[in-house]
Amino acid sequence: MALKVYADRMSQPSRAVLIFCKINGIDFEEIRVDVLKNQQFSPEYKAINPMHQVPAIVDGRFKLFESHAILIYICSAFPGVASHWYPGDLSKRAKIHSVLDWHHSNLRRGSAGLVFNTILAHNDSHHAYPQVVNQAEGILKKSLNTLETFWLKDGRFLVGSSQPSIADISLVCEIMQLQLLSEKECERILSPFKKVVEWIEDTKKATAPHFDEVHEFLFKAQKRIRTESGKDELKSKL
């Protein structure tokens, strides 16, 4: 029985799991859970993940949620996964775990917070609070600086590695969510961090062609949002 991956490609953790499975030749079935349609709250999905979030997996009778835990499980349970994704050396594994733990309380808080509150500003049913947006951007920039000066200081990939790990794919998918912002805003935020920009490109290349294929859903949303934003800006000038 093939692994079942419940995911929404608009979700950055979902994309990380999907890309990882594809790049490692894992036999799996992708089952879409449309978060915008609240499918994560259905009784059927609640039986898989009572936390109502994506992604989640079902491997036989085993159910698991939280993307970092899923990536670690797949590395350990499926033969053929290259060792650089999750090395057997305990010290190297511990460093990967430290990045993943840092991710949730720093980079994710900033990136997801900024995108969520900025995009909602274009929805008439919500209000954007400048102080919330500014706080999220501050956390994001501090996190990008930490990536630039600490996590990427000793190598091409995170924690001094010459090849990507599950931490690289998880964090890059997080940063890709910034593509939903305007091109100008995305450039403004990322361009000061040269090592981060190079690392993003290196991780894309290391996971090609699956990286772009899985992100195509995001890119389509990006075009739609930027077009609508451009129309709003034009209206404000008329």
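A quick note: this is a predicted structure, and the numbers were derived from the prediction, not measured.

In this structure, what is going on with the pairing of strand S2 (residues 28-32)? I would like to understand it.
Inspection of the sheet shows strand S1 (residues 3-7) paired to S2 by 5 bridges, in the parallel sense. Counted as the bridge partner of leucine 3 is phenylalanine 28 from S2. Crossover handedness for the path S1 to helix H1 (residues 12-23) to S2: right-handed.

Can you help me understand the side chain of threonine 207 in this one?
With respect to the element layout, threonine 207 can be found in the loop between helix H9 (194-206) and helix H10 (210-237). The class of threonine 207 is buried, set by a relative accessible area of 1%. Of note is the side chain of threonine 207, whose polar atom sits 2.8 Å from the backbone oxygen of threonine 203.

For this particular structure, what's the right way to read the packing of helix H4 (residues 90-105) against helix H7 (residues 166-176)?
Think of two packed helices as two axes; the pair is described by the angle between the axes and how far apart they sit. Relative orientation of the contacting elements H4 and H7 amounts to 20 degrees, with a least axis distance of 9 Å. Taken together, the axes of H4 and H7 lie roughly parallel to each other. Crossing of H4 over H7 shows left-handed handedness. Here Ile96, Val99, Leu100, Trp102 and His103 of H4 lie close against H7, whose contacting residues are Ile166, Ala167, Ser170, Leu171 and Glu174.

How should I be thinking about the UniProt feature "domain: GST N-terminal" (unreviewed entry) in the protein in this particular structure?
The positions that UniProt labels "domain: GST N-terminal" (unreviewed entry) are, in the present scheme, residues 1-82. Along residues 1-82 the backbone is 33% helical and 22% strand, and the end-to-end C-alpha distance reaches 22 Å.

Help me understand the confidence of the model for the protein in this model?
Detailed reading of predicted coordinates is not advised where the pLDDT is low. Model confidence for the protein is summarised by a mean pLDDT of 92, while 92% of its residues fall at 70 or above. For the stretch residues 233-238, pLDDT sits under 50, and the model shows 0 contacts to residues farther than four places along the chain or on other chains.

Which parts of the structure should I look at to understand the nonpolar core?
One recurring pattern in soluble globular proteins: nonpolar side chains tend to sit buried together. Formed by 62 residues in total, the largest nonpolar core has its most connected members in Leu144, Leu147, Ile166, Ile175, Leu178 and Trp199. It is H7 that contributes the most residues to this core, 8 residues altogether. Every residue in contact with isoleucine 166, bar those within four places of it in the chain, is listed here: Phe20, Leu71, Ile72, Cys75, Trp85, Tyr86, Ile96 and Leu100. By size, the runner-up hydrophobic cluster in this structure holds 7 residues, among which are Tyr6, Val33, Tyr45 and Val54.

Hey, could you run me through the pattern of salt bridges in this one?
For the coordinates displayed, the defined rule picks out 10 salt bridges. Between arginine 9 and glutamate 213 there is a salt bridge, with its nearest N and O atoms 2.8 Å apart. Highlighted residues: arginine 9 in the loop between S1 and H1 and glutamate 213 in helix H10, separated in sequence by 204 residues. Overall, arginine 9 belongs to the buried group, its relative accessible area being 16%. A salt bridge links glutamate 201 to lysine 204; the nearest nitrogen and oxygen atoms lie 3.4 Å apart. Taken together, the positions of glutamate 201 and lysine 204, both in helix H9 and 3 residues apart, correspond to about one turn of that helix. The exposure class assigned to glutamate 201 is partly exposed, which follows from its relative accessible area of 36%. What emerges from the salt-bridge pattern is a single network uniting Arg9, Lys22, Glu30 and Glu213.

Calculation criteria
- Residues numbered from 1 in each chain as written.
- Predicted model: local features only at pLDDT ≥ 70, side-chain atom pairs only at ≥ 80, totals over all residues.
- Heavy atoms only, no water.
- Pairing = 2+ DSSP bridges.
- Helix = DSSP H or I, 4+ residues; strand = E, 2+ residues; numbered from the N terminus.
- Right-handed = clockwise from strand over helix to strand, strands pointing away.
- Buried < 20%, exposed > 50% of the residue type's maximum accessible area, 1.4 Å probe, protein only.
- Polar contact = N/O pair within 3.5 Å; in protein donor to acceptor, adjacent residues only side chain to side chain.
- Axes fitted to C-alpha atoms, helices over the stretch in contact; angles between N-to-C directions.
- Parallel < 35°, antiparallel > 145°, perpendicular 65-115°, else oblique.
- Left-handed = near helix turned anticlockwise from the far one by under 90°.
- Contact = heavy atoms within 4.5 Å.
- UniProt positions renumbered as here; feature names shortened; annotations may be inferred.
- pLDDT = per-residue confidence, 0-100.
- Core = buried A, V, L, I, M, F, W, Y, C linked by side-chain atoms within 4.5 Å.
- Salt bridge = Lys/Arg side-chain N within 4 Å of Asp/Glu carboxyl O.

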